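Coordinate inspection notes
One letter stands for each residue in the lines below.
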There are 2 protein chains.
Amino acid sequence: MAPSAPTRAARPTLARVASRAGVSVSTASLVFSGRGPVSDATRAKVLAAAAALDYAGPDPTARSLRRGRTGVVGVVTEDRLADAFRDPMNLALLDGIGEGFGDERLGLLVIPRAVDSASELESAPIDAAILLGCSTDIVRSVEALHRRRIPVVAIEAERMDGVVAIDLDNRDASRRGAEHLRDLGHRRVAIVTLPIDAGHTRGEVSPERLRSSTAFGTLERLAGARQVFPDAIAVSTAGSTIDEGMRAARTLLDVPSGARPTAIVAQSDLLAVGVLRVAEELGIAVPAELSVLGFDGIRLEGAIEGVLTTLVQPAIDKGRVAAEAVLAELAGDSGRGVELRSELRVGTTTGLAPH
Amino acid sequence: MAPSAPTRAARPTLARVASRAGVSVSTASLVFSGRGPVSDATRAKVLAAAAALDYAGPDPTARSLRRGRTGVVGVVTEDRLADAFRDPMNLALLDGIGEGFGDERLGLLVIPRAVDSASELESAPIDAAILLGCSTDIVRSVEALHRRRIPVVAIEAERMDGVVAIDLDNRDASRRGAEHLRDLGHRRVAIVTLPIDAGHTRGEVSPERLRSSTAFGTLERLAGARQVFPDAIAVSTAGSTIDEGMRAARTLLDVPSGARPTAIVAQSDLLAVGVLRVAEELGIAVPAELSVLGFDGIRLEGAIEGVLTTLVQPAIDKGRVAAEAVLAELAGDSGRGVELRSELRVGTTTGLAPH
DNA sequence: CTGAAAGCGCTTACAG
DNA sequence: CTGAAAGCGCTTACAG
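Only a predicted model underlies this, so the values are computations on that prediction, with no experimental measurement involved.

**Remarks on the protein's contact with DNA strand C**
The full set close to DNA strand C counts 25 residues, and Thr42 of chain A together with Leu14, Ser29, Tyr55 and Arg66 of chain B are the nearest of them. Restricting attention to atoms of DNA strand C within 4 Å of the protein, one finds that 66% of them are sugar or phosphate atoms. A distance of 2.3 Å is found between a phosphate oxygen of DNA strand C and a backbone nitrogen or oxygen belonging to leucine 14 of chain B. Interatomic distance of 3.1 Å between a side-chain N/O atom of arginine 35 of chain B and a phosphate oxygen of DNA strand C.

**Side note on the pattern of salt bridges**
Under the defined criterion, the tally for this structure stands at 44 salt bridges over all chains. Salt-bridge contacts for aspartate 296 of chain A lead to arginine 221 of chain A; the nearest nitrogen and oxygen are separated by 3.8 Å. Taken as a pair, aspartate 296 of chain A in the loop between strand E10 (291-293) and strand E11 (310-312) and arginine 221 of chain A in helix H11 (residues 216-228) lie far apart in primary sequence, 75 residues in all. Under the relative-accessibility criterion, arginine 221 of chain A is labelled buried at 6%. A salt bridge links aspartate 197 of chain B to arginine 209 of chain B; the shortest N-O distance between them is 3.8 Å. Here aspartate 197 of chain B is found in the loop between strand E6 (189-193) and strand E7 (203-204), whereas its partner arginine 209 of chain B is found in helix H10 (residues 207-212), with twelve residues between them in sequence. Classification of arginine 209 of chain B as buried rests on a relative accessible area of 17%. When salt bridges with common partners are traced through the structure, they connect Asp169, Asp172, Arg175, Arg176, Glu179, Arg341 and Glu343 of chain A into a single cluster.

**Digging into the domain arrangement of chain A**
When its domains are assigned, chain A resolves into domain 1 (14-60), domain 2 (70-168 + 315-340) and domain 3 (170-312). Distance from the C-alpha centre of domain 1 of chain A to the C-alpha centre of domain 2 of chain A: 36 Å.

What counts, and at which threshold
Positions within a chain are numbered from 1, following the residues in the order the chain's sequence is written. Written order decides the labels, with chains lettered from A and ligands numbered from 1. Owing to the predicted nature of the model, reporting of local features is limited to residues with pLDDT of at least 70; listing and counting of side-chain atom pairs is limited to 80 or more, with chain, interface and lining totals taken over all residues. The side-chain numbers reported here are obtained from all heavy atoms of the structure, hydrogens and water having been left aside. Whether a residue is near a molecule or strand is decided by its heavy atoms; if any one of them lies within 4 Å of it, the residue is near. By the criterion applied in these results, polar contacts are pairs of N or O atoms within 3.5 Å in which, for protein atoms, one can donate a hydrogen and the other can accept it, and in which residues neighboring in sequence qualify only through two side-chain atoms. Salt bridge, as used here, is a side-chain nitrogen of Lys or Arg placed within 4 Å of a carboxyl oxygen of Asp or Glu. Helix numbers and strand numbers start at the N terminus; a helix is a DSSP run of H or I with at least 4 residues, a strand a run of E with at least 2. Relative accessibility thresholds used throughout: buried, under 20% of the residue-type maximum; exposed, over 50%; partly exposed, between the two (1.4 Å probe, protein chains only). Either an automatic procedure or a domain database provided the assignment from which the domain bounds are taken.

Printed below as a string of structure tokens:
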């Protein structure tokens, strides 16, 4: 009977408010948008009518259609929602994005990039998209967004046309970390990597797996470390967690001590903590017998003894800069990319190589 | 000159696709929505025209306006984005929500409830809202949503008209946990609480602070523990983190041993871990000298020795049930609330009271 | 300061 | 199976 959706009581419209107030729809609109001059008396009449009808303000969808803006920015994450937010780096990024938006009231629509996620991106009501933790098959996502003429800002992704890149010096920073270990005399070094494929396969990283990998950040960090230690064995994990660090560390450390590396480069701090836990379990002294290097610079809240040697990345800045790039794109300025720099923080988990 | 927004190249429309394909707009629409019968030949013509024009499919905003649905559900969080997601319970909840939506492709718009957040809620393009970690001043948020005739599902909030409540047995579960301590002979018990006010003030919880508090879940858990230990001192924290647990624990434990409680009830597992850390720092044996009880049942990944005694809550179920309630509301079924139950898991951090 | 008109891009009965 | 028409609820030039 009623033309509205059955789930909702009939919602009052601006037209009904205007008619009750005895003004035109355009005038009523002006009252709510504040974009034009309206006399106090008129404004009061309109507001009174709105209150009487329990009108909640202009319908956001209609306003969006008319204005050509949704006021929403998509945040495209690699995995399922919760996994993406379990990574402290992504949380810092979110903080930064919030900061970067400042007073612009933009909503954040989280879009997990599932297998068939192109479809999700094709129909999400967004003005711009920020791609996070991007690795696998990002190109198709970008194509879908480009067809919709939606500006894209990608964080730590490979270079792509028409995409504003917010980069981290992953390769260079990793190289500097590895040099720190080399300067301490380390020669037998192993690497614990972040996921290198969409399947998050664990295990030794063969040249073949390397070639087929699309995990840009992981590859960059690995390449940097191998600039210093070309033959370093690398073991991949299923994610940046303490557990995963422990799993990988066991395969590297639970071996005859002659075969053990004297240093482990972990591609994240959480992985490094896992390595430290296993070293403790196995009675391997850090840093006397084993040096451990992390990446990220997260707060560890006393999860380890001492201070982790790590590459501190400006995670919040990354988000802030991404948000600013989005704002620039929406304002019609073609954003330029930014490369942010990580700093080596020498803690107590690295020291002179044994012997 | 061009009527479109300056930031975007002119986007092709369905009308242009239809005209190029030589069909009506309605027919072209049918091709993309799949909601009506279209001959293969016609479909092919339309698709070819779309490809030629690089048409990305129907505009989501226009579709939303017409259909009266945005396909987006708001997730209203208490704090800033990142804080909300730092809590492992909220992450589990997100997992559950994703599960509960199943094949319904609903986007999640995160809406941090700031001071002026009513305005945010008033204009967010959403079909329904899920209120998380709700405490302060939730009533105004609900009013704003009700005026918009948007169904609201609230998790662990006080009862409100027109809101589907997904509840946890906070009070009862806390009482059961306290009884476990009482049965072990504990009489001097202290409580470390979650935030009890919007300002996240730390310190002893006076009757006055209690009265002015609006943190529903916190109050429920406190009331449950005090059913067993009416005079237990309570110290509030600024959030569910290990750090905060440590801060509170220091005020309770770093005192002459005669004045020390023999058991601490922490309102979250992270707080409990903080308590355990401080006990270790101070050389207080757990459980010989101090029993520690948590709440939540999160995975602790070896962050503590032994197994935390805690109340395991079905966090994922909470999300799943909330999502199902949203689906029911959108389908026109008025959802009933659900109360979920937590189970006491006795670990190794509680034991007989000393003496 | 106010109003009449056009139109944002689509979907959905309805008729054929 | 296809098309013409109405309309979702608003905002924005434009004219007065």
